[in-house]
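The primary structure of each chain is shown beneath.
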Amino acid sequence: MKKWLPNMRFFSLFGLMALLLAGCGKPFVSTLQPAGEVADMQYSLMLLSTSIMVLVIIVVTILFVYVVVRFRRKAGDENTIPKQVEGSHKLEMIWTIIPILLLIILAVPTVSATFKLADVTPMEEETRDENALVINVTANLYWWEFEYPDHGVITAQELIVPTGERVYFNLLASDVKHSFWIPAVGGKMDTNTENVNKFWLEFDQQATENAGGLFYGKCAELCGPSHALMDFKVKPLPKEEFDQWISDMQNAEPFVPTSDLAAQGEQVFNQYNCIACHAIDTGEDRPTAPNLANFGERSSIAGRFEFTEENLKKWIKDPEQHKPGNKMTGTYDHENMTEEELDALAEYLMNLKVQN
Amino acid sequence: MSTLTQKKGFGATVWDYLTTVDHKKIAILYLIAGGFFFILGGLEAMFIRIQLAIPDNNFISAGFYNEIMTMHGTTMIFLAAMPLLFALMNAVVPIQIGARDVAFPFLNSLGFWLFFFGGIFLNLSWFLGGAPDAGWTSYASLSLESPGHGIDFYALGLQISGIGTLIGGINFLVTIINMRAPGMTYMRMPLFTWSTFVASALILFAFPALTVGLALLMFDRLFGTGFFVPQMGGNTIIWEHLFWIFGHPEVYILVLPAFGVFSEILATFSRKRLFGYSSMVFATVLIGFLGFMVWAHHMFTTGLGPIANAIFAVATMAIAVPTGIKIFNWLLTMWGGQVRFTVPMLYAVAFIPSFTMGGVTGVMLAAAAADYQFHDTYFVVAHFHYVIVGGVVFGLLAGVTYWWPKMFGRMLDETLGKVTFWLFLIGFHLTFFIQHFLGLMGMPRRIFTFLPGQGFELGNLISTVGAFFMAISTLVLLVNIVKTSINGPKAEADAWGDGRTLEWAVASPAPEYNFKQTPLVRGLDALWVEKMAGKKGLTPAEPLGDIHMPNGSFLPFTISLGLFVASIGLIYQFDDKVWAIPVIFIGFLITFGSMFLRSVIDDHGYHIHKEELMDDDDKGVKA
């Protein structure tokens, strides 16, 4: 986006801004370390606007300091009456016209970027590009569902995408309004309750590696007590690995427990009727709770804990404490679950995998 | 000693304030009630900052946090900032235009009591099952989902206090149009009066949108309609539009009067007339007008499409131009002046850079494509606190300390005032500056906690430390008020010695009739004109005569009380409480009964006779 810069004199400030801001935040969650085309475009716009604004602040501050220091009332001046100046047309024209020019400098790239970011023609029915990846995102009270409609694959809580291409999203909420945001990769878009919103993102391979292979996604619209905990993870993969993952998902066999403990866990899973809400088939869409088909391959528990057996048991034992207001609490008798049952269930869940 | 100034007992004083229709006493009522809610909202803010001081904190629970956060915003906007501004407008505007009172003194009182009962009703929710918890914006899908009665309290409480605000706004419009003293043309009105005028016009056009939105919300929640229920053909985006068509002008309703305050103070303590008066008036009107064209910039991520987003982005940027004009005019007002740093002046001076920072982040937010990153993050939180604290709260603190002598007849302590100022200024920047970066680093707003390891720890801790500075500063202000009201020095008519406008020509506090003789205004800064002409007081526009005054009335109190009672009934009717329906009827009976009484009882007011005025030589206009 730098080529849009209409005015050379901003460059020095621009560089300074970039230097100041780049150190901020963690690469997997900060908007200041852009990890894709969208975030890049927005970051450049941020730098441009920040530079203009810092320029304004500098001018105001210099004037301000001068005025405040120079014109303070001194001893002996108690009865001095300064000249009563009415105004100055010339000055007033100057500080009307210069801001207008500055705003035009900002407005042109803003409008241009706004239209670019809204360009979703490859996902529209009439102009559909067969190669464009489309993902349906459904936001639910404190969890996210990701459906790959062209491939008949569904997953939850962990978004898997290919790097280096534009990925198109359909966004919708099932209960209350949420907002879909992956800070490092691009700005947010609301998931409304009544209409599908569309936008695209691009995930950069190099930036993904710098961020450790995993980005944080967040809900950015107040949606209830656990709004703060409605995180998800984003795992961008190189194109081939992504294709492999899709085909693994498509060809996944129903899970067969390989150990006694896991078999026992499957029984617990059925006995507590987890299956009523959670699908364990890669293609099955159940709007009630996250699909668990590839649960064993995820990198977090409930979007907020590190992926360990300990944390999984903690979560199942008392979901309310870790995500207040969630819809799982009370749907099964978690208070009376025994340690053995928890061990078995955890073993079963952590072995739900599609990749070998 | 006139009969008007005899000492009254405590009971009589309370009754006097309950029934008063005098704009100066109503100003004091607004100040006390607004101050109370300001402290309440401040306490809520402290809960928020303590909870967010460290990651994964459990100082308060998630649900309770949402209630606190919602009530902090709602209280600060509707119950603290608005009434405190009304306090200043009531205390000052009628005197500034040379009037004896507002156009409708009875309505003035009604406006206050409606606001007051609405605010109390809203806060009753704390004790009756939980406060509203869907944010001050109360977006429809979440607010319809919210269990309990919190949102019902929000809808009804704001409805009642909103009517009060609307009444107040209309009253000031009529007052400023009709009650100006001879010679007080529009282009001689002080800037505070001008900004009150424009803000009142904004109230007139903006509040009905809120009224409609709240009514629909109430119908959806209490009567099962589906205005905002997509499954029934409704649409939640309509709530967003209605709310922001009100909500954005609301920001200007708050900040324009604050601009007015600064314009007065900067001119007074620079001992210079306001630089570019006519362009200041023009900018004020233009900001008010553009304020209605930009509401959708709060909805850039809602999915309105690139055309709407681009239009609203450019329209929003345009507001920066008149605002910039104001900033430079203020700076040039001080240029070449004799700047004296009293406490109100300190706030006014500190306002200029603080507000500029809030203004420029506003332009950044207007850049729609970049706003997709800023929206609903702490960057926005930082931005609007820079605007509302750096603009409105600084304006209130400046205005209250500036006109305090005029309202209460005593000077505040300058040393304590300066302590308050510095603590507040440092605390303010410490709290909110870092939040810009927290937002850019990926921290969404309205979260009850943040998980460790995302780089948010240090910034949040700094922010919390800053909040404590502001809390301490508020305590010092309270000490100052208590101390000086016991033994503070009495204020002169021209309390600061550099007064330029009419309010500094009447005694401090002003007599209940304001001006013994209506003054003749001979130019901008009417008092300054007379001073420079070597006169001691104003030129009267009429001979000394009897002054007609309105009687006090208890009816505004009861009209408002009735709505309060009826609202309680309305909320509980749907819990199958048998007492609820009778309560609704009793409430409406009180309200409409009071209105009936107001209609049938002839009240011609009373006169203060010429002879009494002549006894009062130490007060009023010395003509």
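Numbering of residues starts from 1 in each chain and follows the order in which that chain's sequence is written. Lettering for chains starts from A, numbering for ligands starts from 1, and both go in the order in which the items are written. Local features in this predicted model are restricted to residues whose pLDDT is 70 or higher, and side-chain atom pairs enter the listing and the counts only when it is 80 or higher, whereas totals over whole chains, interfaces and linings include all residues.

### Focus: the interface of chain A and chain B
- We call two residues in contact when the distance between their C-beta atoms, placed using the backbone, is within 7 Å. With 78 residues of chain A at the interface, the matching set in chain B holds 76 residues.
- Looking at the side of chain A that touches chain B, the elements with two or more residues in it are α2 (37-70), α3 (89-117), β7 (186-191) and β9 (215-219) of chain A.
- Considered class by class, the residues forming the side of chain A that touches chain B number 40 nonpolar, 23 polar and 15 charged. A run of H or I in DSSP becomes a helix once it reaches four residues, and a run of E becomes a strand once it reaches two; helices and strands are each numbered from the N terminus. Basically, the charged four are Asp, Glu, Lys and Arg, the nonpolar ten are Ala, Val, Leu, Ile, Met, Phe, Trp, Tyr, Cys and Pro, and anything else, Gly included, counts as polar.

### Topic: the pairing of strand β4 (residues 158-162) of chain A
All names here are of chain A.
- Extensive coverage of β4 is indicated by the burial of five of its five residues.
- To assign burial, the other C-beta atoms lying within 10 Å of each residue's own C-beta are counted, with C-beta atoms placed from the backbone; 20 or more indicates buried, 12 or fewer indicates exposed, and intermediate counts indicate partly exposed. On β4, burial covers both faces: E158, I160 and P162 on one face and L159 and V161 on the other are all buried.
- At least two bridges found by DSSP between two strands is the condition for calling them paired. Two elements, β4 and strand β10 (residues 232-237), share five bridges in a ladder whose sense is parallel. Bridge pairing in β10 links I160 to K235.

### Looking at the sheet that holds strand β6 (residues 178-182) of chain A
Residues and elements named next belong to chain A.
- Strand order in the open sheet formed by five strands is β4-β10-β9-β6-β7, with mixed pairing between adjacent strands. For this open sheet the edge positions go to β4 and β7, each flanked by a neighbour on one side alone. With direction set aside, neighbouring strand axes in the sheet form an average angle of 25°.
- With four bridges connecting them, β6 and β7 associate as antiparallel partners. If you follow I182 over to β7, its bridge partner there is G186. In this analysis an axis means a line fitted to C-alpha atoms, helices contributing only their contacting stretch, and an angle means the value between N-to-C directions, from 0 to 180 degrees.

### A look at the nonpolar core
- Remark: nonpolar core denotes a set of buried Ala, Val, Leu, Ile, Met, Phe, Trp, Tyr and Cys residues whose joining runs through C-beta atoms within 7 Å. Membership of the largest hydrophobic core comes to 311 residues, with the highest contact counts inside it found for A:V185, B:Y30, B:F262 and B:Y347.
- Among the elements that make up this core, the one with the highest residue count is helix α3 (residues 62-96) of chain B (22 residues).
- Excluding anything up to four places from it in sequence, A:V185 contacts A:A35, A:G36, A:V38, A:A39, A:L201, A:F203, A:F215 and A:V234.

### Thoughts on the packing of helix α14 (residues 414-440) of chain B against helix α15 (residues 457-487) of chain B
Residue and element names in this part refer to chain B.
- At a closest axis distance of 7 Å, the pairing of α14 and α15 adopts a crossing angle of 160°. Our classification of the angle between α14 and α15 gives roughly antiparallel. α14 and α15 meet at a crossing whose hand is left-handed. An angle below 35 degrees is read as roughly parallel, one above 145 as roughly antiparallel, one from 65 to 115 as roughly perpendicular, and any other as oblique. The sense of a crossing depends on the near helix, which, turned anticlockwise from the far helix by less than a right angle, makes the crossing left-handed and, turned clockwise, makes it right-handed.

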